[in-house]
Amino acid sequence: MSTPTPPDDLRDQLGELLPRLRRFARVITRNVQDADDLVQTAVEKALARAAQWRPESRLDSWMYGIMKNAWIDEIRARRRRERVHAPPEAGEAVGDASAHARDIALSVQAAMERLPEEQRLAVALVLVEGQSYKEAAELLGIPIGTLMSRLARGRAALQDMLGEVQ
């Protein structure tokens, strides 16, 4: 028995969405290699379950949900194996950015990593990925008011950690 082939438009849309999926995965995982693995896992699951996607819905929201659930599964598996990962190296080069821009990017990344997970996910979905409050709240399975509260606390914490970065 063979699995149906996903429609070309779904594969094309997934290809266009890859940079955003990688960025979101890096926020969730805090590790470049884990982020790449998470994106691969999520895309594989999406392609295997292509019949479950409703073309009238937003593909990015569907994919973020798959990624979030896949990461939760991975964390649970790691805890069972009692496996510990080292934090990402601070000296990773980010694109061809200038030294100042790279320093700012590393500062923001470090500040994001220090946020509690609930705040980090809210900030990532709304401020980084541009999701609406409603979409982000639905994806996280929380009321909009809770999302707004987490987002406000996350923004305030980031501002405190980063100060006046220019």
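In what follows, the structure referred to is the one given above.
Given the structure is predicted, the values throughout are model-derived calculations rather than measurements. Think of each chain on its own: its residues are numbered from 1, step by step along the sequence as written. Residues qualify for local features only when their pLDDT is at least 70, as the model is predicted, and side-chain atom pairs are given and counted only at 80 or more; totals for whole chains, interfaces and linings, by contrast, use all residues. Working from all heavy atoms in the structure, the side-chain values ignore hydrogens and water.

Draft legend 1. Spotlight on the side chain of R120. In DSSP terms, a helix is any run of H or I states spanning at least four residues, a strand is any run of E spanning at least two, and both are numbered starting from the N terminus. Along the chain, R120 falls in helix α5 (residues 117-128). For the buried residue R120, which engages in no salt bridge, the nearest side chain bearing the opposite charge is E117, 4.5 Å off. Any pair of N or O atoms that falls within 3.5 Å is considered a polar contact. Within protein, one atom must be able to donate a hydrogen and the other to accept it, and sequence-neighbouring residues count only if both atoms are side-chain atoms. Of the polar contacts made by the side chain of R120, one reaches the backbone oxygen of I28; its length is 3.5 Å. Contacts: residue pairs with any heavy atoms within 4.5 Å of one another. The residues touching R120, leaving out its near neighbours within four places in the chain, are V27, I28, R30, M112, E113 and L115. Here's how the labels work: a residue is buried when its accessible area is under 20% of the maximum for its type, exposed when over 50%, partly exposed in between, all with a 1.4 Å probe on protein chains only. Only four residue types enter the charge count: Lys and Arg as positive, Asp and Glu as negative, with His and the chain ends excluded. Between Lys or Arg on one side and Asp or Glu on the other, a salt bridge is scored when a side-chain nitrogen of the former is within 4 Å of a carboxyl oxygen of the latter.

Draft legend 2. The packing of helix α1 (residues 8-29) against helix α2 (residues 32-48), seen in detail. Axis geometry follows a simple rule: fit a line to the C-alpha atoms, using only the stretch in contact for helices, then measure angles between N-to-C directions, giving values from 0 to 180 degrees. α2 packs onto α1 with a crossing angle of 140° between their chain directions and a minimal axis gap of 8 Å. Between α1 and α2, the angle falls in the class oblique. For the crossing formed where α1 meets α2, the hand is right-handed. On α2, the residues touching R11, L14, L18, L21, R22, A25, R26, I28 and T29 of α1 are V32, D34, A35, D36, L38, V39, V43, A46 and L47. When its residues are assigned to classes, the contact of α1 with α2 shows 12 nonpolar, one polar and five charged. Throughout, the term roughly parallel applies to angles under 35 degrees, roughly antiparallel to angles over 145, roughly perpendicular to angles from 65 to 115, and oblique to all others. Whether a crossing is left-handed or right-handed is set by the direction in which the near helix is turned from the far one by less than a right angle, anticlockwise for left-handed and clockwise for right-handed. Residues are grouped as follows: nonpolar covers Ala, Val, Leu, Ile, Met, Phe, Trp, Tyr, Cys and Pro; charged covers Asp, Glu, Lys and Arg; every other residue, Gly included, is treated as polar.

Draft legend 3. Region of interest: a nonpolar patch on the surface. A surface patch of nonpolar side chains, amounting to about 240 Å² of accessible area, comprises Y133, I144 and M148. Residue class for M148 comes out partly exposed when judged on its relative accessible area of 40%. Exposure above 30% relative accessible area and the absence of a salt bridge qualify a residue for a patch, where like charges join within 9 Å and nonpolar side chains (Val, Leu, Ile, Met, Phe, Trp, Tyr) within 5 Å. To measure how exposed things are, a 1.4 Å probe is used in the Shrake-Rupley method; for residues, cover is taken only from the protein chains shown.

Draft legend 4. Looking closely at α1. Taking 1.5 Å per residue, 22 residues should reach 32 Å; α1 reaches 29 Å between its end C-alpha atoms and fits that length. The largest bend in α1 amounts to roughly 50° and is located at L17, with the proline P19 lying one to four residues further along. Among the residues of α1, L10, L14, L17, L21, F24, A25, V27, I28 and T29 are the ones counted as buried. After α1 finishes, the residue R30 shows a positive phi value of roughly 65°. Here, expected helix span is obtained from the residue count minus one, scaled by 1.5 Å. Here the bend at a residue is taken as the angle between two axes, fitted respectively to the seven residues that end there and the seven that start there.

Draft legend 5. Molecular detail of helix α6 (residues 133-140). Restricting attention to buried positions, one finds in α6 the residues E135, A136, A137, L139 and L140. Immediately downstream of α6, the backbone of G141 shows phi near 70°, a positive value.

Draft legend 6. Region of the structure containing unusual backbone geometry. If you check the backbone angles, R30 has positive phi at about 65° while not being a glycine. By secondary structure assignment, the location of R30 is in the loop between α1 and α2. The exposure class assigned to R30 is partly exposed, which follows from its relative accessible area of 30%.

Draft legend 7. Region of interest: the packing of aromatic side chains. Any two of the Phe, Tyr and Trp rings considered here, Trp counted by its six-membered ring, make a pair once their centres fall within 6.5 Å; the pair's planes then place it as stacked at under 30 degrees, edge-to-face at over 60, or tilted in between. Applying the stated rule across the entire model yields two aromatic pairs. Centroid distance F24 to Y64: 4.7 Å. Interplanar angle 50°. Geometry classified as tilted. Of this pair, F24 sits in helix α1 while Y64 sits in helix α3 (residues 59-81), and the two are 40 residues apart along the sequence. When the centroid spacing of 6.5 Å and the interplanar angle of 35° are considered together, the rings of W53 and W62 count as tilted.

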